[in-house]
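Overview (structure and organization)
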Amino acid sequence: MKVIDVHTHLSSVDLMPERWIEHEYKICMDLCRNMLPAGVPLPSKKALIEGGGVDGLINDMDKFGINISFVMDSPKSSFYGRRTLSGKLVNQMEIEEWVNQCVAKYPDRLKGIGALDFTRGEEAIEDMERYADEFGFIGLKPYPPRGFYPNDPKIYPIYKRAQELGMHIQFHLGGVPPGRMKYCQPIYLDDVATDFPELKIIALHMGMPHVEEVALIAAHNPNILVDISGVTLDMRYRALHSMAYLITHVPNQVVLGTDWPCLNTNSAAFGSHVVNPVKWVNELQTPQILSELGMPQFTDEIKRKILGKNIAEFLKL
Ligand SMILES: [Zn+2]
């Protein structure tokens with residue numbers, strides 16, 4: 001079985017908007033601060049971004065035992081204007097061309113996901129077609145906090161075309177703005193999955209803080225998978241509860257997502273304090289006291305499903 005990570009980002013000081021870098025650095029540091037032991041310095045912006053390039057990703061995949069990663073830039077980058085740290089102006093398509101070059105460097109290890117602004121109507125469909133035909137990208141990532149509800153009929157033509165092209169769609173759900181969180185609730189995916197039953201969807205971050213909601217919507221819609229990115233920061237009660245809820249309701253629809261290079265997964269930036277997400281899944285265990293209260297066991301088979309079997313079957317990889 002291949003270990004597959006459905007959710008990673010690539011970064012580049014030459015291409016990503018300066019304000020994106022500022023913002024992502026702040027988010028990443030806010031999330032990671034509590035996980036680092038007292039006295040350990042936070043990585044610099046330079047270390048985080050430079051360690052987040054494609055060679056750093058392959059290096060960490062080898063270290064963690066991940067065979068294949070889905071890679072994208074950030075669907076948020078169009079939020080932040082076009083000026084990069086080096087002062088250059090870039091557009092989204094130039095960033096996607098660079099993602100494509102990164103994938104081409106490691107074709108057996110990486111699969112491309114295109115960031116797509118769903119508010120751009122017909123132009124978005126043209127970009128999607130280029131992603132599929134020219135780049136061979138296997139999926140799309142919109143960013144609803146830009147200002148749209150995923151079930152808005154105005155964007156249904158995009159779903160129709162994605163379904164025809166066989167591209168799956170990854171939805172950012174839950175917190176961590178920019179933008180408004182109201183657009184990130186899992187409930188809207190119920191309409192999309194029901195109206196496009198052949199469209200494959202991955203609900204990211206377990207819909208946090210709406211984990212129960214995302215699990216029940218996925219149980220109702222076999223074309224939705226749920227990635228676990230964001231939970232691998234700790235092994236305490238909340239993470240165990242979320243994982244237990246998912247494996248109880250949708251054991252065949254939970255998949256590994258790391259959000260690399262954030263969340264302490266970038267070893268160039270976090271050094272010996274890096275979190276190995278594969279090890280984290282393999283070490284999942286139900287404490288005796290919670291087992292007595294009815295929490296299910298994390299069996300070896302469940303772990304195999306999360307680490308690769310579910311996504312391989314879903315996308316026929
Ligand atoms: Zn992400």
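Residues numbered from 1 in each chain as written. Predicted model: local features only at pLDDT ≥ 70, side-chain atom pairs only at ≥ 80, totals over all residues.

Turning to the overall build of the chain, a few remarks are in order. Across its full length, the chain holds 13 helices and eight strands. For the chain, whose C-alpha radius of gyration is 18 Å, the value lies close to the compact-globule estimate of 20 Å for 317 residues. Overall, the chain is about 55 × 50 × 35 Å in size when its C-alpha atoms are taken along their principal axes. Burial status across the chain gives 44% buried among its 317 residues. Put simply, of all contacts in the chain between residues at least 6 apart along the chain, 78% involve residues at least 24 apart. (Helix = DSSP H or I, 4+ residues; strand = E, 2+ residues; numbered from the N terminus. Rg over C-alpha atoms; globule rule 2.2 N^0.38 Å. Buried ≥ 20, exposed ≤ 12 C-beta atoms within 10 Å, placed from the backbone. Contact = placed C-beta atoms within 7 Å.)

This brings us to the packing of helix H7 (residues 187-195) against helix H8 (residues 211-220). Helix packing geometry: the angle between the two helix axes and the distance between the axes. Following both chains from N to C, one finds H7 and H8 inclined at 10°, their axes separated by 9 Å at the closest point. Comparing their axes, H8 and H7 come out roughly parallel. Along the contact surface, H7 presents Ile187, Leu189 and Asp190, while H8 presents Glu213, Ile217 and His220. When its residues are assigned to classes, the contact of H7 with H8 shows three nonpolar, one polar and two charged. (Axes fitted to C-alpha atoms, helices over the stretch in contact; angles between N-to-C directions. Parallel < 35°, antiparallel > 145°, perpendicular 65-115°, else oblique. Nonpolar A, V, L, I, M, F, W, Y, C, P; charged D, E, K, R; others polar.)

With that settled, consider the sheet that holds strand S4 (residues 139-141). On the basis of which strands lie adjacent, the open sheet formed by eight strands has the order S1-S2-S3-S4-S5-S6-S7-S8 and parallel pairing. With one partner strand each, in any of the chains shown, strand S1 (4-9) and strand S8 (254-255) form the two edges of the open sheet. Of the strand pairs in this sheet, S4 and strand S5 (residues 168-171) are connected by two bridges, and their pairing is parallel. Counterpart to Gly139 in the pairing with S5 is His168. Where H8 meets the sheet, it contacts strand S6 (201-203) and strand S7 (224-227), and its direction lies at approximately 150° from that of S7. (Pairing = 2+ DSSP bridges.)

Turning next to helix H9 (residues 237-249). Compared with an ideal rise of 1.5 Å per residue, which puts 13 residues at 18 Å, H9 spans 18 Å between its outermost C-alpha atoms and is within 8% of the ideal. Those residues of H9 that fall on the buried side of the exposure criterion are Ser242, Met243, Leu246 and Ile247. Considered in projection along H9, the buried side chains sweep an arc of 125° and stay on one side of the axis. Next to the buried residues of H9 lie H8, S7, S8 and helix H13 (300-315). (Expected span 1.5 Å × (residues − 1). Arc of directions from axis to C-beta.)

Axis separation between H8 and H9 bottoms out at 9 Å; the angle between their running directions is 15°. By the criterion of interaxial angle, the relationship of H8 to H9 is roughly parallel. Considering how the two elements wind past one another, H8 and H9 form a crossing that is right-handed. Residues Val211, Glu212, Ala215, Leu216 and Ala219 of H8 form the contact with H9, whose own contacting residues are Ser242, Tyr245, Leu246 and His249. Looking at the contact of H8 with H9 residue by residue, the class counts come to six nonpolar, two polar and one charged. (Left-handed = near helix turned anticlockwise from the far one by under 90°.)

Side-chain alternation along S5 places His168 and Gln170 on one buried face and Ile169 and Phe171 on a second face that is also buried. This β-α-β element, S4 to helix H6 (residues 156-165) to S5, shows right-handed connectivity. As judged from the three bridges shared by S5 and S6, these two strands associate in the parallel manner. In the sheet register, Ile169 faces S6, and the bridge partner there is Ile201. (Right-handed = clockwise from strand over helix to strand, strands pointing away.)

Looking now at the environment of Val254. Structurally, Val254 can be placed in strand S8. Using a count of 25 C-beta atoms within 10 Å as the deciding quantity, one classes Val254 as buried. Apart from the residues lying within four places of it in its own chain, the contact partners of Val254 are Val226, Ile228, Leu246, Ile247, Lys305, Ile306 and Asn310.

The element strand S2 (residues 68-72) is extensively covered by neighbouring structure, given that four of its five residues are classed as buried. Looking at chain direction, S1 and S2 are connected through four bridges and run parallel. Looking across to S2, one finds that Asp5 is bridged to Ser69. The pairing of S2 with strand S3 (residues 110-115) spans three bridges and is parallel. In the sheet register, Val71 faces S3, and the bridge partner there is Gly112.

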